[in-house]
Amino acid sequence: MRFRDEYRDADTARKLADTIARTATRPWTIMEVCGGQTHAILRFGIDQMLPDGIELIHGPGCPVCVTPVDFVDKAIEIAELPAVTLCSFGDMLRVPGSRGDLLRAKSRGADVRVVYSPLDAVDLAAAYPDREIVFFAVGFETTAPANAMAAYRARRAGLANFSMLTSHVLVPPAMRAVLEAPDGRIDGFLAAGHVCTVMGTREYEPIAHAFGVPIVVTGFEPVDILEGIYLCVRQLESGRNVVENQYARAVRTDGNGTARAIMGEVFRVVTRNWRGLGDIADSGLALAGAYAAFDAENRFGAVVSKDAIDAACISGAILRGESRPTECPAFGTRCTPDQPLGVTMVSSEGACAAYHRYRRADLGTPRQ
Amino acid sequence: MRTGRVDFGGVTKIVNLAYVPEAAIGDHVLVHVGFAISVIDEAEADRIFHHLQEIDDLAGGEAAAP
Amino acid sequence: MTEGNGSGDLSCPLPVDATDTVQLAHGGGGRKMTQLLESIVLATFDDPELNRRHDGAVVDLDGPLAFTTDSYVVRPLFFPGGDIGSLAVNGTVNDLAMCGALPICLSVGLILEEGLPLETLRRVAVSMRDAAAKAGVRLVTGDTKVVDRGKADGLFVNTSGIGRIVAAARIGPEAVRAGDAIILSGDIGRHGTAVMAAREAFGFEPAIESDCAPVHGPVSAMIEAGIEIRCLRDLTRGGLASALVEIAETAKRGLAIDETLVPVDAPVSAACDLLGLDPLHVANEGRFVAFVPPQDASRALALMRSFGVSRDAAVIGQVLDGPPGEVRCRGQLGIDRIVDMLSGEQLPRIC
């Protein structure tokens, strides 16, 4: 397929890897912020094509992974109410709360459904007026326009039986939190291309400036990621720290104005708790006042904050980029995709799950 | 709300086009959870391959020089 | 009752009931049950052994034999390229083929949910009859039960099958040797994407069709040609990845495959990308892998390609001495990765 196959071409990838090797004169540590990029890096073995010294650290880029336990608990509580159908994206069903996940709730009799698009949940609400349809809305800025449209449509249609449990998160505040961490050692960022198709690139400029880090807005195919790394290394080698756009075929400087307009109407910016990172100011989206009637927290009670994770799990350090999955004593032994301790092992976008799927300890750390 | 049939390289599917009012028939779009969120700029898409060709030419030139 | 109902004419002379759905009484063992069996099951399958209406089938077989059973639950019952009936026949036929056996006869156990439209049962029965005819097996005995509404998903099917072993040596993971070629019988990922797309009403056009088909043809041909088949495995749930990992673990060998040699049809590949699925993990119902000694590989490949069901067969890798249980896959960029079994239920990804 066009815009896919040529970006997976082995020769092009090899050329870029060679160019990176010729450009880098010293070690650099680069964080990619999107789970989709983490997945591609491990699936295609992009980290193994890089020269010694160029290290990729996987950031808090999986929206499912950073959803707090409290929200999962609330979703389960709502799903188990009579006459409620809870809808969410597939990955969310396996994220553990403090008492199991949504799939377990389903097996106990809760009506839990996977939807591909949030509008499917709105359609369900229209089709089943006697049931409460609750959409568990998670995601980054990429997913926010679609979820905003669900609320927008439900309000226009006057669907009183539709509501959203919203745990949306925003990428730039999380990047700041990672850069402000005391042990931070990140030299540059690959920003998430899909997020930027919606938001544009301007909001990264103050971050690049304040922290002196290059930020390269990067796509998701191997050639994109390698070019993103190359552009980042080129800036680092020449002492620059600006926002560059590798993914210009999809990302405009101002993002998608139409989408941002609807997001602006439907959502307001709030402080959010991130799994592994804690509370981050202005890092999330909740439904705006005009949409309060569609807020599942207003209808079924507010989410109560309490964060409990298994003591052996280092997913927090992994989400902050401080540790690698293979450095966890539980990795692949007590913690596997079938029996996940932490959320980074749950979602296929999660760093631990990606390592477990494509690498094991013996392939994990050393590069060629 | 505007929708359109999008070809994903062998299968087509109806996609919501509310966020790409500029999209016309024949355009390539980026789709996420059932919504097109960006129209692909074809000139930009080719840029990297031109750029690599330049690097190649440059490397070739260097190799040829004694 | 009339006999030899063609698939085009399914009208029956006896009114089964005033309603056109399965009732609990249809499973009660009385007159209604007899009517249901006569009008649909017996009339459609129309096998002399079945028509004896005895407690079991009497068949004359020479040993050694292969014997297998499998139960089929699928939603929706009908999907592009197949249905629960053809799945139940082909699945068991293929399990027998994987033992190096020529499938001979099958039993059919039906569990019907109260309220199932009789028309649905008829369609499934016709599909089973047609699949059996195509595979050259007989449906010789069976059983029907009806459960309360809500206790089954419309219709469950169990089939057991008996086949006559035609392979000279025992086929299985324990026979796998380092250097053996791994041959895949065709493109992967069709069944799983077809069923998921149909179930979730994704609205793909054209619809992706399941690969549901019997595969004993190419297997028998290889055995007849004297090819030393070390191991066979059909790629059902868990896909190619899970089959290879299972074999590697049981055989205590390492396996190496090249992803670029694994055929995936463009629509399947596009659908997998959209749904966040890896074709290596997606279910198939008409594909298998064969492990053969390297000197037999090209002959085995040519034979497989001479059958429609395996016309896209390809050598995708080979068996290594070790490390035991490890399956490595060389990706599109020439870098190896580990192939793992599918964990948990396959769920569409968010992005």
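Visitor: Mind showing me how you'd approach the overall build of chain B here?
Guide: Along the backbone of chain B there are one helix and four strands. By sequence separation, contacts in chain B at least 24 residues apart represent 2% of the contacts at least 6 residues apart. A total of about 3,400 Å² of accessible surface is found on chain B, and carbon and sulfur atoms cover 56% of it.

Visitor: Looking at this structure, I do not really get the nonpolar core. What am I missing?
Guide: Core analysis: the biggest nonpolar cluster contains 133 residues, and Phe-162, Phe-189, Ile-215 and Ile-229 of chain A have the highest contact counts within it. The two domains that each donate at least three residues to this core are domain 1 (1-309) and domain 2 (315-363) of chain A. If we skip the residues at most four places from it in the chain, Ile-215 of chain A touches Met-175, Phe-189, Ala-191, Tyr-204, Ile-207, Ala-208, Val-242, Val-243 and Glu-244 of chain A. Counting residues in hydrophobic clusters, the runner-up holds 36 residues, among them Leu-50, Leu-116, Met-128 and Ala-131 of chain C.

Visitor: What's the story with the interface of chain C and chain A in this structure? I'm lost.
Guide: Contacts between the two partners involve 28 residues from chain C and, on the opposite side, 37 residues from chain A. With both chains or domains summed, chain C and chain A bury close to 2,900 Å², and 55% of this area falls on carbon and sulfur atoms. The interface formed by chain C and chain A includes four salt bridges. Between Arg-8 of chain A and Asp-273 of chain C there is a salt bridge, and its shortest N-O distance comes to 3.6 Å.

Visitor: Looking at this structure, I do not really get the environment of Gly-308 of chain C. What am I missing?
Guide: Locating Gly-308 of chain C in the fold gives a position in the loop between helix H9 (297-305) and strand S11 (314-320). On a C-alpha basis, the gap between Gly-308 of chain C and Gly-186 of chain C in space is 9.8 Å, while along the polypeptide they are 122 residues apart.

Visitor: I tried to follow the packing of helix H6 (residues 216-224) of chain C against H9 of chain C on my own but got confused; where do I start?
Guide: In helix packing, the relevant descriptors are the interaxial angle and the interaxial distance, both defined with respect to the helix axes. All names here are of chain C. Where H6 meets H9, the axes come as close as 9 Å, and the angle between the chain directions of the two elements is 140°. It follows that H6 is oblique to H9 by the angle criterion. The crossing of H6 and H9 is right-handed. Each of Pro-218, Ala-221 and Met-222 in H6 lies in contact with H9, whose residues at this interface are Ala-300, Leu-303 and Met-304.

Visitor: Mind showing me how you'd approach the interface of chain B and chain A here?
Guide: The figure often quoted for interface size is the accessible area lost as the parts come together. Counting from both sides, the interface comprises 30 residues of chain B and, opposite them, 39 residues of chain A. Across the chain B/chain A interface, buried area totals approximately 2,900 Å², and carbon plus sulfur atoms make up 65% of it. The tally of links between chain B and chain A comes to one salt bridge. One salt bridge in this structure joins Arg-47 of chain B and Glu-227 of chain A, with 3.4 Å as the shortest N-O distance. Viewed at the interface, chain A and chain B are joined by 11 residue pairs in polar contact (both at pLDDT 80 or more). If you list the elements that add at least two residues to the side of chain B that touches chain A, you get strand S2 (12-16), strand S3 (29-32), strand S4 (35-39) and helix H1 (42-64) of chain B. The leading source of residues in the side of chain B that touches chain A is H1 of chain B, at 11 residues. Across the side of chain B that touches chain A, the residue classes tally to 16 nonpolar, seven polar and seven charged.

Visitor: Explain the domain arrangement of chain A to me, please; I cannot follow it from the model alone.
Guide: Residues and elements named next belong to chain A. Taken domain by domain, chain A holds domain 1 (1-309) and domain 2 (315-363). Distance from the C-alpha centre of domain 1 to the C-alpha centre of domain 2: 19 Å. With both chains or domains summed, domain 1 and domain 2 bury close to 2,300 Å², and 56% of this area falls on carbon and sulfur atoms. Three residues stand out in domain 1 for area buried against domain 2, namely His-39, Leu-42 and Cys-65, and they jointly supply 25% of the buried area on that side. There are one salt bridge connecting domain 1 and domain 2. The salt bridge involving Arg-324 is made with Glu-55; its shortest N-O contact spans 3.2 Å. Linking domain 1 with domain 2 are four residue pairs in polar contact (both at pLDDT 80 or more), by the criterion used here.

Visitor: What is the right way to read the packing of aromatic side chains from this model?
Guide: To describe a pair of aromatic rings, you give the distance between the ring centres and the angle between the ring planes. On inspection of all chains with the given rule, the structure shows eight aromatic pairs over all chains. Chaining the aromatic ring pairs together yields one cluster made of Tyr-116 of chain A together with Phe-202 and Phe-204 of chain C. Sitting over the ring of Tyr-152 of chain A, Arg-156 of chain A keeps its end group 4.1 Å from the ring centre. When the ring centre of Phe-78 of chain C is taken as reference, the NZ or CZ atom of Arg-123 of chain C above it lies at 3.7 Å.

Visitor: Sorry if this is basic, but what is going on with the sheet that holds strand S6 (residues 155-165) of chain C here?
Guide: Backbone-to-backbone hydrogen bonds pair the strands of a sheet. The strands run either parallel or antiparallel. Residues and elements named next belong to chain C. If you walk across this open sheet you meet the four strands as S1-S6-S4-S5, and the pairing is mixed. Each having just a single partner strand, strand S1 (65-72) and strand S5 (138-147) make up the two edges of the open sheet. Going from strand to strand, the sheet's axes swing by 15° on average, the running direction of each strand aside. Across nine bridges, strand S4 (residues 101-113) lies against S5 in parallel orientation.

Visitor: Quick question: what am I supposed to make of unusual backbone geometry here?
Guide: All names here are of chain C. Residues Arg-75 and Pro-76 are joined by a peptide bond in cis, for which omega reads 0°. On the secondary structure map, Pro-76 appears in the loop between S1 and strand S2 (78-79). Here the residue pair Glu-205 and Pro-206 is connected by a cis peptide bond, since its omega of -5° sits within 30 degrees of zero. Within the secondary structure layout, Pro-206 lies in the loop between helix H5 (190-199) and H6. For Arg-53, which is not a glycine, the phi torsion comes out positive at approximately 60°. Here Arg-53 shows up in the loop between helix H2 (48-51) and S1. Take Arg-53: its relative accessible area is 43%, and that puts it in the partly exposed class.

Visitor: Explanation requested: the pairing of S3 of chain B in the structure shown.
Guide: The side chains of a regular strand alternate, first on one face of the sheet and then on the other. Residue and element names in this part refer to chain B. Burial along S3 is one-sided: Leu-30 and His-32 are buried, and none of Val-29 and Val-31, which face the opposite way, are. Sheet topology places S3 next to S4; four bridges connect them, and they run antiparallel. The residue of S4 that forms the bridge with Leu-30 is Ser-38.

Visitor: Looking at this structure, I do not really get the pattern of salt bridges. What am I missing?
Guide: A pair can form between side chains of opposite charge whenever their charged atoms are brought close. Residue and element names in this part refer to chain A. Counting across every chain of the model gives 42 salt bridges over all chains. With a shortest N-O distance of 3.6 Å, Arg-234 and Glu-244 are connected by a salt bridge. On the criterion of sequence distance, the pair formed by Arg-234 in helix H10 (residues 222-237) and Glu-244 in strand S9 (residues 243-245) is long-range, its members being 10 residues apart.

Visitor: Before we go on, may I ask you to explain the sheet that holds strand S8 (residues 231-234) of chain C in this structure?
Guide: All names here are of chain C. Strand order in this open sheet of seven strands is S8-S10-S7-S11-S9-S12-S13, and the pairing throughout is mixed. Bordering the open sheet on either side are S8 and strand S13 (336-338), each of which pairs with just one other strand. Shown here is a sheet whose adjacent strand axes are inclined to one another by a mean of 25°, direction ignored. Across four bridges, strand S9 (residues 254-258) lies against S11 in antiparallel orientation. Counterpart to Ala-256 in the pairing with S11 is Gln-318.

Visitor: It is not clear to me how the environment of Gln-246 of chain A should be interpreted in this structure. Could you clarify?
Guide: Position of Gln-246 of chain A relative to the elements: it lies in the loop between S9 and helix H11 (257-266). Taking relative accessible area as the criterion, Gln-246 of chain A reaches 2% and is therefore assigned buried. A sequence separation of 15 residues divides Gln-246 of chain A from Leu-231 of chain A, and the C-alpha atoms of the two residues are 7.8 Å apart. Aside from chain neighbours lying at most four places away, what touches Gln-246 of chain A is Val-216, Val-217, Thr-218, Gly-219, Asp-224, Glu-227, Gly-228 and Leu-231 of chain A together with Arg-47 of chain B. Polar side-chain contacts of Gln-246 of chain A include one of 2.9 Å to the side chain of Glu-227 of chain A.

Parameters and conventions
Residues numbered from 1 in each chain as written. Chains lettered and ligands numbered in written order. Predicted model: local features only at pLDDT ≥ 70, side-chain atom pairs only at ≥ 80, totals over all residues. Heavy atoms only, no water. Helix = DSSP H or I, 4+ residues; strand = E, 2+ residues; numbered from the N terminus. Contact = heavy atoms within 4.5 Å. Areas by Shrake-Rupley, 256 points an atom, 1.4 Å probe, with all protein chains shown as cover. Core = buried A, V, L, I, M, F, W, Y, C linked by side-chain atoms within 4.5 Å. Buried < 20%, exposed > 50% of the residue type's maximum accessible area, 1.4 Å probe, protein only. Domains from an automatic or database assignment. Buried area = accessible area lost by both parts, 1.4 Å probe. Salt bridge = Lys/Arg side-chain N within 4 Å of Asp/Glu carboxyl O. Axes fitted to C-alpha atoms, helices over the stretch in contact; angles between N-to-C directions. Parallel < 35°, antiparallel > 145°, perpendicular 65-115°, else oblique. Left-handed = near helix turned anticlockwise from the far one by under 90°. Polar contact = N/O pair within 3.5 Å; in protein donor to acceptor, adjacent residues only side chain to side chain. Nonpolar A, V, L, I, M, F, W, Y, C, P; charged D, E, K, R; others polar. Phe/Tyr/Trp six-rings, centres within 6.5 Å; stacked < 30°, edge-to-face > 60°. Lys NZ or Arg CZ within 6 Å of the ring centre and 35° of its normal. Pairing = 2+ DSSP bridges.

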